[in-house]
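What follows is each chain in one-letter form.
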Amino acid sequence: MALNMELGLTGEARSWKETAKQVPFQAQQVFISWVFIFASITLLLGFISLQSLVAGGTSYFVKLGNWFGVVSCMAWFLGFAVLIHWLIRIGGTKGSVLGAVLKLIASVLFNLQPASGTGGTAGGAGIWWSNLVGILFFHAGNIVSCADMWVPQQMPSVAAFEPAAAAAAKAVGDVGWLD
């Protein structure tokens, strides 16, 4: 049984399935979602490994800490690269693409610390500055995405679906990947 929801702009009731079909290139969005879920899980494993290290652990799990970070950051990179492709494919706004590009750069910077840590830099801790610069890029990307949502604009390739779909596609691209 499909649950119905009411669309705010038109007031007509539609199922979630019908509404989801309006997202252009839906399979690409589903792929991005799964990549980010995987990235989040590996990032969480990295933090759990770090906490185990701080608690004095020496297990194999603790030794995998930097590798969890490397895998996580590679997944973030893939996800943001595909998100940029999707935004360009649907005719996304310049602000939404710029926000995603800033987050893509952040994912590269975030990867420098665990990658250099696996090589033994700073006793396995890796370089310190990349996470600082990475978070600045990531939050700058969030600010650009949020500012872009305040600017009224029409996305040409999505507008053919219907106005509600254009608004939904923009929201998925801008809000869906805020941290």
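Please read these numbers as outputs of a predicted model, since none were measured by experiment. Positions within a chain are numbered from 1, following the residues in the order the chain's sequence is written. Local features are withheld for residues below a pLDDT of 70 in this predicted model, meaning they are given only at 70 or higher, and side-chain atom pairs are given and counted only at 80 or more; totals for whole chains, interfaces and linings count all residues. As a convention, hydrogens and water are excluded, and side-chain values are obtained from all of the structure's heavy atoms.

Residues and numbers for the packing of helix α4 (residues 65-89) against helix α5 (residues 94-118), please.
Between N-to-C directions, angles cover 0 to 180 degrees, with each direction set by a line fitted to C-alpha atoms, over the stretch in contact for helices. Starting at the N terminus, helices and strands are each numbered in turn, a helix being any DSSP run of H or I of at least four residues and a strand any DSSP run of E of at least two. Running from amino to carboxyl end, α4 crosses α5 at an angle of 165 degrees, the nearest separation of the two axes being 8 Å. Comparing the axis directions of α4 and α5 gives the class roughly antiparallel. In this structure, α4 meets α5 at a crossing whose hand is left-handed. In terms of residue class, the contact of α4 with α5 is built from 20 nonpolar, 8 polar and 1 charged. Just so you know how the angles are binned, under 35 degrees is roughly parallel, over 145 roughly antiparallel, 65 to 115 roughly perpendicular, and the rest oblique. Handedness of a crossing follows from how the near helix is turned relative to the far one, being left-handed for an anticlockwise turn of less than a right angle and right-handed for a clockwise one. Only Asp, Glu, Lys and Arg are considered charged in this grouping, and only Ala, Val, Leu, Ile, Met, Phe, Trp, Tyr, Cys and Pro are considered nonpolar; every other residue, Gly among them, is considered polar.

Quick rundown of the environment of Ala 140? Include the residues and the values.
Note on placement: Ala 140 falls in helix α6 (residues 129-150). Think of it in three bands: with a 1.4 Å probe and only protein chains considered, a residue is buried below 20% of the maximum accessible area for its type, exposed above 50%, and partly exposed in between. Under the relative-accessibility criterion, Ala 140 is labelled partly exposed at 28%.

Residues and numbers for the packing of aromatic side chains, please.
Each Phe, Tyr or Trp ring, with Trp reduced to its six-membered ring, pairs with another whose centre is within 6.5 Å; inter-plane angles below 30 degrees give stacked pairs, above 60 give edge-to-face pairs, and intermediate values give tilted ones. Using the criterion set out here, one finds 6 aromatic pairs in the structure. Ring centres of Trp 76 and Phe 80 lie 6.2 Å apart, and the angle between their planes is 20 degrees; on these two criteria the pair is classed as stacked. Residue Trp 76 and its partner Phe 80 are located together in helix α4, separated by 4 residues, close to a single helical turn. Just as Trp 76 is buried, Phe 80 falls in that class too. Here the aromatic rings of Phe 80 and Phe 138 are separated by 6.2 Å at their centres, their planes lie at 70 degrees, and the arrangement is edge-to-face. Linking Phe 80 in helix α4 with Phe 138 in helix α6, this pair joins segments that are 58 residues apart in sequence. Of the two residues, Phe 80 and Phe 138, both sit in the buried class. Ring-pair connections join several aromatic residues into one group, and the members of that group are Phe 36, Trp 76, Phe 80, Phe 110 and Phe 138. Lying across the ring of Phe 25, Arg 89 places its NZ or CZ 3.7 Å from the centre. Sitting over the ring of Phe 138, Lys 103 keeps its end group 5.8 Å from the ring centre. In this scheme, Lys NZ or Arg CZ marks a charge over a ring once it lies within 6 Å of the ring centre and within 35 degrees of the ring normal.

Purely spatial values, then, with no claim about function.
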